[in-house]
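Chain residues, written in single-letter form:
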Amino acid sequence: MNALVSLLAVLSIVVIAFLGAGAGLEVLFGVVLPYAAILTFLVGFVLRIVKWAKSPVPFRIPTVAGQAKSLEWIKHQPLESPYTRRQVVLRMALEVLFFRSLFRNTKAELKGGPRLVYGADKALWLFGMIFHWSFLIIFIRHLRFFTEPVPALVTGVEWVDSFFDVGLPALFATSVLLLVSLSWLIGRRFLDPQVRYISQAADYFPLFLIFGIASTGVLLRHFAKTDVAGVKELGMGLLGFSPPNLGELGLSGLFYAHLLLVTALIAYFPLSKLMHLGGVFMSPTRNLANNNRAVRHVNPNPQPVQVHEFEHWKEEFKEEIAEAGYKLERD
Amino acid sequence: MSELLAHLHARREAIAAAWQKRMMATLPHAGQGFLATSRDPLMNPMGATFRTGASRVTEALFSGASREELERRIDDLIHLRAVQGLPPSQALAFIPELKNVIREEVGELVSCGNDQAELDRAIDELLYLSFDIYVRCREQIFALRVRSMRDRSYKLMERAGLLWEEGPERESGMNRGEP
Amino acid sequence: MAEDPTPTREELSRVEYAPPAKTWMDTGVDIPNRRGNWCYASDAKHPEYLGQPNAHDWAPQNEDWNLPENWQRIILDGMKERLEKYRSFRLFMDICVRCGACADKCHFYLGTGDPKNMPVLRAELLRSVYKRYFTKAGRMFGKLAGARDLTIDVLKEWYYYFYQCTECRRCSVFCPYGIDTADVTMIGRELLNLVGINIGWIMEPAANCYRTGNHLGVRPNTFKDNLDFAAEDLEDITGVHVDVPIDRKGAEVLVVVPSADYFANPHYFTFLGYLALFHEIGLDYTFSPFATEGGNFGLFLSHDMMKRLNAKIYFEARRLGVKWILGAECGHMWRVLHQYMDTMNGPADFLETPKSPVTGTVFTNAKATSTVHITEFTADLIRHDKLDLDKSRNDHLKVTFHDSCNPARAVGLLDEPRYIMKKVLNNFIEMPENTIREQTFCCGGGSGLGSDENMEARMRGGLPRANAVKYVKDEYGVNTLACICAIDKAVLPPLIDYWVGGVEVAGIHEFVGNALMMKGQNERLTDLRNEPIPHLQKREAEEEVKSDA
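Engineer: I would appreciate a short explanation of the overall build of chain C in the present structure.
Structural biologist: Scanning chain C from N- to C-terminus turns up 23 helices and seven strands. The C-alpha atoms of chain C give a radius of gyration of 25 Å, which matches the 24 Å a tight globule of 549 residues would have. Across its three principal axes, chain C shows a C-alpha extent of roughly 85 × 75 × 40 Å. Counting every position in chain C, which comprises 549 residues, the buried fraction comes to 71%.

Now the structure itself:
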């Protein structure tokens, strides 16, 4: 049900784009909606971060995953239990760039029987990595449509990405990898009973959406080849706030489908779980040092509480205290 | 009934696997996914107990093992079933279910006539001894509750003269498998 | 086959063989049918004593929980307040992608197979309500967006599952965003507590602790009696008289222990170990008659209650004029001392950076809170060769070590206890790699779930831990399970008895005390449990025979 609704939502985006492009709504899909989406993205992203940032971090609660800094001769594991800011940055970098916590699952090794679970977990890390890195590279590649001259970073990435030099235009490795990893991530949500049980529409929708984007992208590059110059004119125009006359560019319905899917993703992003992009940096169990006893963490908004006053306690148990012979002096 | 048993013994892996699936299925959702597929006894003790239990018990059953042997082999399984929050009837229903599992896996053994009845009786025996173990487990839980209450304020009670001397209860008995 | 004794299909149909087709949102929890699996409600008098809101008598098995009329409003307001107060809470509600990496990491899931014990779903129980009332998508799309109304069934589910989480944080280690279910559970319990839903096993100790200073409600005179009694016991065993200073102003160190150490079994033997150690090194220390509890069941109830119960420790450190604090073996106490105490009740500017009076080691890692873990302290003593130890006195023990959740995943205290054990005993065996250290499995009774009425739930929750113990028992003949947590010491014995058998539970300082050669001691043919040390008794007997001859 959740999956079906998500799939239908993505398909209807494609249909709307085709219909709209055919009905002379190019300006809406090529200019108005992209601007609106980017505005939504920027405002939404910032608002969400601000909302998170507004809630304070009253306590320092890192999840420690290794030996803390302690006595000199005890080997400290700085990445598992960072003590300094530098170590926190390293821990975060490994987390953000290489999904270290997910990788942790593969460490398990035990006797007895095949270990299906570790295989599956390793796959989650692997396909997660492939997916995210491919997406990033594809994002960078697309900067070609918004820059003149094209920065060396972009051409360099393209060069590496088309290293295998298959087909004309050259097939990008990341295009394939993205589709493969997406298929795995989608398949997992259907086939693994546990994951299926916890999956919601909000989990299927972005996967289908990105799958739609990737597949229309591949079609545009390799099969229903689009007018790249026209796309770049649109990209540069949008960036310079002087969009070209879209009627003259004559971009295909498929291109508008691709664009509308991307537009939907951009607008959907700040409203959804995709905000883990920003959130991962703010997680108090990861971005704080485990130096609690060495450096005091200040609660910006401490709440006064009622405590059992010593004097009251002394009065309440005065007989017992006398029996025990405590002096209970105070300065 | 050696003929039938030999026949079943040859098929015991399939039977054990099917039986284990039935056991898992008595827990909502647990019959699928990780708990069913992971064979690692340390990461998935429940699934592994079902799996090894099913295989060890069927192996013994189909080779006509003694009651003591069966008891030893089904012990882990019953320990698990006894704390799964199920009513006793459901906790032990997986044992007679083995009859159905065998029929489904091997087909009706009409030709084996008497053997069949004998096998059914053996499975009934298995149920009875399992019930003994089940009750022992429950009694152990009750005893552990009492012991926990005592241990919690052990020294206070000792000083108040509320404790019995180090008695047989502490020295022996409660630990499973230690006669 | 008329005589066929096989039950009919109908008879068997009472056992549910197929997973329910419904989604998790539509399957509530049938609490009355699960006695033995949940904790009893608290008498209203305890929350009343503590001034908790909407304290009332209720029982989980009853249909009607006697909630205040506007309970939904109270919960939602409470949720709003906490979303604004704790970034962790808001973030954890927003960023979970339901990747499922945490699913099989929870000991309660592994032991029950109940999908709502997957950490992701445990959090989702709360998240679904958050989405419904605090996000646009949830308000607009409802169930499709994973949102649902806050109904009484949802509340009952919260109670059932938030009191089936031991706040052990194992899932958090594996989560790519560090989502900490312990934090979610803490908030969930705080919300329940707002409408008077809480359990006796947490409320009563908390009330006792607030009133008397410790969880069992031991009064100041009984406290002194108990400590004196321990000194006598130790003298009986070792022949050495030790002083147990209480309320000694101007001592260098304030020692804080979980109260179970001075009256529960087997905690008590660890306590004897501390006393022997302190005496032998001549530590200038004192216990406090007011701060008679280092443990803090407030942690299991609410942040505020934790702060209220913790306040007495710094208060007493200041009153007694000590230089620093030495904290004993306890798990959740150390979560509080390490991650919360200084922030809540500090700054501890009246204390000094702890420095071992014996070795001169400065504990710079504790320079702000001025609180040292006893295994750090003892490891340092041993490292500097300040103790006369006879390892062979522990030769009757084959020991494995259970990393207690909080010292492992909140403090990062992993190698100190191991170092000590390797120096005070000869037979130390690790459990398999992914069941120890940061991946340690909980005992199943942490976070206030160590009650007796839920013994079966504890057995299930502790199964993964017990299983690893069984593994080293079967493979290596382990007969002792060491730990540094008072809850472990209470919860592991029944757990191990049920699943494994033949393995005793002990604290690290029990071994230290066993091995410690004290000046002026007797022949010491027994260990701290006053049980004979077999090989020593044998040697003694042989020598007697020799001298007779």
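Engineer: Which parts of the structure should I look at to understand the interface of chain C and chain B?
Structural biologist: At the junction of the two partners, chain C supplies 66 residues and chain B supplies 58 residues. Carbon and sulfur atoms make up 57% of the area that chain C and chain B hide from each other, which totals about 5,300 Å². In this structure, the connection of chain C to chain B is made through four salt bridges. Lys 155 of chain B is the partner of Asp 233 of chain C in a salt bridge, and the nearest nitrogen-oxygen pair spans 3.5 Å. Applying the counting rule to chain C against chain B returns nine residue pairs in polar contact (both at pLDDT 80 or more). Of all elements in the fold, only helix 1 (9-12), helix 5 (107-112), helix 12 (220-238), helix 19 (455-461), helix 20 (463-476) and helix 21 (486-499) of chain C reach the threshold of two or more residues within the side of chain C that touches chain B. Sorting elements by how many residues they give to the side of chain C that touches chain B places helix 20 of chain C first, with seven residues.

Engineer: Could you clarify how one ought to interpret the pattern of salt bridges in this entry?
Structural biologist: Opposite charge on two side chains permits pairing when their charged atoms draw close. Summed over the entire model, instances satisfying the criterion amount to 62 salt bridges over all chains. In this structure, Arg 82 of chain C and Glu 81 of chain C form a salt bridge, with 3.9 Å as the shortest nitrogen-oxygen distance. Put simply, Arg 189 of chain C and Glu 167 of chain C hold a salt bridge, and the shortest N to O gap is 3.7 Å. Of this pair, Arg 189 of chain C sits in helix 10 (residues 181-194) while Glu 167 of chain C sits in the loop between helix 8 (152-162) and helix 9 (170-174), placing them 22 residues apart in sequence. Both residues of the pair, Arg 189 of chain C and Glu 167 of chain C, count as buried. Where salt bridges share partners, they join Arg 189, Asp 203 and Lys 273 of chain A together with Arg 98, Glu 124, Arg 127 and Lys 131 of chain C into one cluster.

Engineer: How should a positive patch on the surface be read in this particular structure?
Structural biologist: A surface patch of positive charge is lined by Lys 51 and Lys 54 of chain A together with Lys 136 and Arg 139 of chain C. Note on placement: Lys 136 of chain C falls in helix 7 (residues 136-141). Assessed through its relative accessible area of 65%, Lys 136 of chain C is described here as exposed.

Engineer: Hey, could you run me through the sheet that holds strand 5 (residues 399-401) of chain C in this one?
Structural biologist: Sheet strands associate in pairs through backbone hydrogen bonding, adopting either a parallel or an antiparallel arrangement. Residues and elements named next belong to chain C. Spatially, three strands are ordered 5-6-7 in an open sheet, and the strand pairing comes out parallel. The two strands at the open ends of the sheet, each matched to only one other strand, are strand 5 and strand 7 (504-507). Each strand of the sheet is rotated relative to its neighbour by a mean of 35°, with strand direction disregarded. As defined by bridge partners, strand 6 (residues 480-483) adjoins strand 7 across four bridges and the pair is classed as parallel. Looking at the pairing, Leu 481 lines up with Val 505 of strand 7. Where helix 22 (residues 508-515) meets the sheet, its contacts fall on strand 5, strand 6 and strand 7, and the angle it forms with strand 7 comes to roughly 80°.

Engineer: Which parts of the structure should I look at to understand the domain arrangement of chain C?
Structural biologist: Put simply, an interface is often sized by how much accessible area is lost when its parts join up. All names here are of chain C. Along its sequence, chain C is organised into domain 1 (24-198) and domain 2 (205-515). Placing the centre of domain 1 and that of domain 2 at their C-alpha centroids yields a distance of 30 Å. Contacts between domain 1 and domain 2 engage 35 residues on the former and 39 residues on the latter. When residues of domain 1 are sorted by the area they lose upon contact with domain 2, Leu 50, Arg 169 and Arg 170 head the list and together hold 19% of the total. The interface formed by domain 1 and domain 2 contains 12 residue pairs in polar contact (both at pLDDT 80 or more). Elements represented by at least two residues in the side of domain 1 that touches domain 2 include exactly helix 2 (45-49), helix 5, helix 9 and helix 10.

Engineer: Any chance you could explain the interface of chain A and chain C here in plain terms?
Structural biologist: Contact with chain A, which involves 92 residues of that partner, is made by 109 residues of chain C. Of the roughly 8,500 Å² buried at the junction of chain A and chain C (both faces included), carbon and sulfur atoms supply 55%. Among the residues of chain A in contact with chain C, Trp 73, Tyr 197 and Arg 293 of chain A are the three that bury the most area, contributing 11% of the side total. Here chain A and chain C share six salt bridges between them. Here Asp 94 of chain C and Arg 48 of chain A are joined by a salt bridge, their closest N and O atoms 3.3 Å apart.

Engineer: Help me understand the sheet that holds strand 1 (residues 253-256) of chain C in this model?
Structural biologist: Residues and elements named next belong to chain C. Here four strands make up an open sheet; going across it, the order is 2-1-3-4 and the pairing parallel. Two strands in the sheet have a free side with no partner beyond their single neighbour: strand 2 (285-286) and strand 4 (371-373). In the sheet, strand 3 (residues 324-327) pairs with strand 4 via three bridges, with the strands oriented parallel. Within strand 4, the residue paired with Leu 326 across the bridge is Val 372.

Engineer: Which parts of the structure should I look at to understand unusual backbone geometry?
Structural biologist: Across the chain, the bulk of peptide bonds are trans and the bulk of non-glycine residues have phi less than zero. Residue and element names in this part refer to chain C. The omega torsion of the bond from Asn 265 to Pro 266 falls at 10°, within 30 degrees of zero and hence cis. Relative to the helices and strands, Pro 266 is located in the loop between strand 1 and helix 13 (267-281). Pro 347 follows Gly 346 through a cis peptide bond whose omega is 0°. Here Pro 347 is to be found in the loop between helix 15 (331-345) and strand 4. In the Ramachandran plot, Asp 247 falls in the positive-phi region, its phi being about 60° despite a non-glycine side chain. Within the element layout of this structure, Asp 247 appears in the loop between helix 12 and strand 1. The backbone of Ser 447 shows a phi angle near 55°, a positive value even though the residue is not glycine. When you line up the elements, Ser 447 lands in the loop between helix 18 (415-424) and helix 19.

Engineer: What am I meant to see in the pairing of strand 3 of chain C here?
Structural biologist: Every other side chain in a regular strand lies on the same face of the sheet, so the side chains alternate between the two faces. Burial along strand 3 of chain C is two-sided: Trp 324 and Leu 326 of chain C and Ile 325 and Gly 327 of chain C, pointing in opposite directions, are all buried. With respect to chirality, the unit in which strand 3 of chain C leads through helix 15 of chain C into the neighbouring parallel strand 4 of chain C is right-handed.

Engineer: Please clarify how the packing of helix 7 (residues 173-191) of chain A against helix 9 (residues 201-223) of chain A should be interpreted in this entry.
Structural biologist: Two quantities define a packed helix pair, namely the angle between the axes and the distance from one axis to the other. All names here are of chain A. Their axes nearest at 10 Å, the elements helix 7 and helix 9 cross at an angle of 155°. Comparing the axis directions of helix 7 and helix 9 gives the class roughly antiparallel. The handedness of the crossing between helix 7 and helix 9 is left-handed. Between helix 7, through Ser 175, Leu 178, Leu 179, Leu 182, Ser 183, Leu 185, Ile 186, Arg 189 and Phe 190, and helix 9, the contact on the second element is made entirely by Asp 203, Tyr 204, Leu 207, Phe 208, Ile 210, Phe 211, Ala 214, Ser 215 and Val 218. Its residues placed into classes, the contact of helix 7 with helix 9 shows 13 nonpolar, three polar and two charged.

Engineer: Can you walk me through the state of the cysteines in this structure?
Structural biologist: Joining two cysteines, a disulfide is a covalent bond between their sulfur atoms. Residues and elements named next belong to chain C. With the rule as written, the count across this model stands at zero disulfides over all chains. Cys 102 supplies the cysteine sulfur nearest to Cys 171, a cysteine that is in no disulfide, at a spacing of 6.2 Å. On the accessibility criterion, Cys 171 (8% relative accessible area) is buried. Cys 442 supplies the cysteine sulfur nearest to Cys 405, a cysteine that is in no disulfide, at a spacing of 4.0 Å.

Engineer: What am I meant to see in helix 3 (residues 85-98) of chain A here?
Structural biologist: Helical geometry note: an α-helix holds 3.6 residues per turn, so side chains three or four residues apart project in the same direction. All names here are of chain A. Between the first and last C-alpha of helix 3 there are 19 Å, a value that for 14 residues agrees with the 20 Å anticipated at 1.5 Å per step. Buried within helix 3 are the following residues: Gln 87, Val 88, Arg 91, Met 92 and Glu 95. All buried residues of helix 3 fall inside an arc of 135° around its axis, so they share one side. Exposed and oriented more than 90 degrees from the buried face of helix 3 are Arg 86 and Val 89. Against the buried residues of helix 3 lie helix 4 (100-103). Positive phi appears at Phe 99, one or two residues downstream of helix 3, with a value of about 50°.

Engineer: Help me out: how do you make sense of the packing of aromatic side chains in this one?
Structural biologist: For any pair of aromatic rings, geometry is given as the distance between the ring centres together with the angle between the planes. Following the criterion strictly, the structure yields 46 aromatic pairs over all chains and no others. Ring centres of Tyr 160 of chain C and Tyr 161 of chain C lie 4.9 Å apart, and the angle between their planes is 80°; on these two criteria the pair is classed as edge-to-face. This pair shows no difference in class: Tyr 160 of chain C is buried, exactly as Tyr 161 of chain C is. Taken together, the ring pairs in this structure connect Phe 223, Tyr 262, Phe 263, Phe 271, Tyr 274, Phe 278, Tyr 285 and Phe 287 of chain C into an aromatic cluster. Over the ring of Phe 172 of chain A we find Arg 141 of chain A; its NZ or CZ atom is 3.6 Å from the centre of that ring.

Reading the values: the criteria
- Residues numbered from 1 in each chain as written.
- Chains lettered and ligands numbered in written order.
- Predicted model: local features only at pLDDT ≥ 70, side-chain atom pairs only at ≥ 80, totals over all residues.
- Heavy atoms only, no water.
- Helix = DSSP H or I, 4+ residues; strand = E, 2+ residues; numbered from the N terminus.
- Rg over C-alpha atoms; globule rule 2.2 N^0.38 Å.
- Buried < 20%, exposed > 50% of the residue type's maximum accessible area, 1.4 Å probe, protein only.
- Contact = heavy atoms within 4.5 Å.
- Buried area = accessible area lost by both parts, 1.4 Å probe.
- Salt bridge = Lys/Arg side-chain N within 4 Å of Asp/Glu carboxyl O.
- Polar contact = N/O pair within 3.5 Å; in protein donor to acceptor, adjacent residues only side chain to side chain.
- Patch = residues over 30% accessible without salt bridge, like charges linked within 9 Å, V, L, I, M, F, W, Y side chains within 5 Å.
- Areas by Shrake-Rupley, 256 points an atom, 1.4 Å probe, with all protein chains shown as cover.
- Lys, Arg positive; Asp, Glu negative; His and termini not counted.
- Charge placed at Lys NZ, Arg CZ, Asp CG, Glu CD.
- Pairing = 2+ DSSP bridges.
- Axes fitted to C-alpha atoms, helices over the stretch in contact; angles between N-to-C directions.
- Domains from an automatic or database assignment.
- Right-handed = clockwise from strand over helix to strand, strands pointing away.
- Parallel < 35°, antiparallel > 145°, perpendicular 65-115°, else oblique.
- Left-handed = near helix turned anticlockwise from the far one by under 90°.
- Nonpolar A, V, L, I, M, F, W, Y, C, P; charged D, E, K, R; others polar.
- Disulfide = S-S within 2.5 Å.
- Expected span 1.5 Å × (residues − 1).
- Arc of directions from axis to C-beta.
- Phe/Tyr/Trp six-rings, centres within 6.5 Å; stacked < 30°, edge-to-face > 60°.
- Lys NZ or Arg CZ within 6 Å of the ring centre and 35° of its normal.

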